[in-house]
Amino acid sequence: MSRVIAVAGKGGTGKTTLAGLIIRYLRRSGRVPILAVDADPDSNLPQAIGLGGEKSISTIGRARQDFFASRGTVPAGVPKEAYLELRLNEVLVETADIDLLVMGRPEGAGCYCYINNVLRKFLESLGRNYPFVVIDNEAGLEHLSRRTAQRIDMLVVVSDYSVNGLRAAGRIHQLSEELELEIGRRFLVINRVPGELDGAFRKRAEGQGLNLLGVVPLDEGISEGDLEGRAVIDLPDGNRAVGAVNDFMQKVIAAA
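Residues numbered from 1 in each chain as written. Predicted model: local features only at pLDDT ≥ 70, side-chain atom pairs only at ≥ 80, totals over all residues. Heavy atoms only, no water.

> Please set out the overall build of the protein residue by residue, giving values where relevant.
The secondary structure content of the protein amounts to 10 helices and 8 strands. The globule rule puts the C-alpha radius of gyration for 256 residues at 18 Å, and the 18 Å found for the protein is close to it. The C-alpha extent of the protein, read off along each of the three principal axes, is 65 × 35 × 35 Å. Roughly 12000 Å² of accessible area belongs to the protein as shown, and the carbon and sulfur atoms make up 46% of that amount. Of the charged side chains in the protein, 31 are positive and 33 negative, and the gap between their average positions amounts to 3 Å. (Helix = DSSP H or I, 4+ residues; strand = E, 2+ residues; numbered from the N terminus. Rg over C-alpha atoms; globule rule 2.2 N^0.38 Å. Areas by Shrake-Rupley, 256 points an atom, 1.4 Å probe, with all protein chains shown as cover. Lys, Arg positive; Asp, Glu negative; His and termini not counted. Charge placed at Lys NZ, Arg CZ, Asp CG, Glu CD.)

> Mind laying out the pairing of strand β1 (residues 3–8), listing which residues take part and the relevant values?
By the criterion of burial, β1 is predominantly enclosed, with 5 of the 6 residues buried. Taken together, the 4 bridges between β1 and strand β6 (residues 152–160) define a ladder with parallel strand orientation. Residue pairing for β6: Val7 is matched across the bridge by Val156. (Buried < 20%, exposed > 50% of the residue type's maximum accessible area, 1.4 Å probe, protein only. Pairing = 2+ DSSP bridges.)

> Tell me about the side chain of Arg24, and name the residues and values.
Mapped onto the elements of the fold, Arg24 is located in helix α1 (residues 15–28). Classification of Arg24 by relative accessible area gives buried; the value is 1%. A polar atom in the side chain of Arg24 sits 2.7 Å from the side chain of Asp237. Every residue in contact with Arg24, bar those within four places of it in the chain, is listed here: Val232, Ile233, Leu235, Pro236, Asp237, Val242 and Asn246. (Polar contact = N/O pair within 3.5 Å; in protein donor to acceptor, adjacent residues only side chain to side chain. Contact = heavy atoms within 4.5 Å.)

> Describe the sheet that holds β1, with residues and values.
With mixed pairing, 8 strands are arranged side by side in an open sheet as β3-β4-β2-β5-β1-β6-β7-β8. Edge positions in the open sheet fall to β3 (93–94) and β8 (211–217), since each of these has one partner strand only. Those strands touched by helix α10 (residues 240–254) are β1, β5 (132–137), β6, β7 (183–193) and β8, and its axis lies near 160° from that of β8. (Axes fitted to C-alpha atoms, helices over the stretch in contact; angles between N-to-C directions.)

> An account of the packing of helix α3 (residues 60–69) against helix α4 (residues 80–91) is needed here, citing residue identities and associated values.
Close contact between α3 and α4 brings their axes to 9 Å; oriented N to C, the two are set at 150°. In terms of orientation, α3 and α4 fall into the roughly antiparallel class. In the crossing of α3 with α4, the sense of the turn from one axis to the other is right-handed. When α3 is examined against α4, the residues Ile60, Ala63, Asp66 and Phe67 are found in contact with a partner set consisting of Lys80, Tyr83, Leu84, Arg87, Leu88 and Val91. (Parallel < 35°, antiparallel > 145°, perpendicular 65-115°, else oblique. Left-handed = near helix turned anticlockwise from the far one by under 90°.)

> Tell me what's going on with the environment of Ala244, and back it up with residues and numbers.
Looking at the secondary structure, you find Ala244 in helix α10. Under the relative-accessibility criterion, Ala244 is labelled buried at 16%. In this structure, Ala244 is in contact with Val215, Val216 and Pro217, ignoring residues within four places of it in sequence.

Purely geometric numbers; function is a separate question.
The following block contains the structure:
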C-alpha cells in the first residue's frame, strides 16, 4: 500500500527543496520506486530531483486542456475515458527509481468535472504502483481541494524562519481542515534556520496547530548548488540540511 506525503508552504519558504530532500531520503533508503508529483503551477520539482534537463516535460494541465478542446476528434471506437487515460500516461516521466508527474497550470474555462473524475481514478491507480508518493503543492492546495488525491498520509507544511512564514503555515493548516481533506498526520517544518531555534519562535510555531516535525538549518551548499544548476537530490551526505531531513524522516516513517 502506497503512502502519500504532501508538502505545502507559501512561495519562498523552500518547500520544493524540502520535497526534493524527502525524495532523496526515500531513494537513498531504498524505498523505491517513488512517484514525485509537481502540483505547483510554478513548477520547480523537476530541477530539484534532477529531471530539469528534459527538453519539454508534458503536463496534466496540457493533456486535460487538449482533451477538452478536441473531444470531437477522439479516435473512432475508442472510449473517451480510455483515450484520456492514454494521454495521461504519456505525461509520466519514468526513470529507474523516480517517476515524475507534473500537474501544470490550473483549469481554464469550461466544465472539467468529467475529466477530473478520470484524473482522480488515474492517480489512484498509478499511485498503487509506488511505496511512496510525494506531492509538491502550491500554498492554496488547489489540486488537493479538487480531490485529485483521495487521501494524504502525511501533510508537511513548510515555514521559513519568519513570523510571516509561520502565519502562512497556520493558514494552510486551517485551509486543509476547511477542505475536509482525508489527512493522517500534519506536521510543521521550519526551514533555513541560521542557528538555534529561538524559544519565543518555537512557542509561536507550536501554536499553529501542527506538530513540529523538525528544523532544517540554513545551508550555503543548497544556495550554491542552485546557482550552479545542481539538483537538490544530488547533495552530498555531509550536507547539514540533508542530515536534518534524514533524521526526522527516519523517525516519522518508523513511527507510522
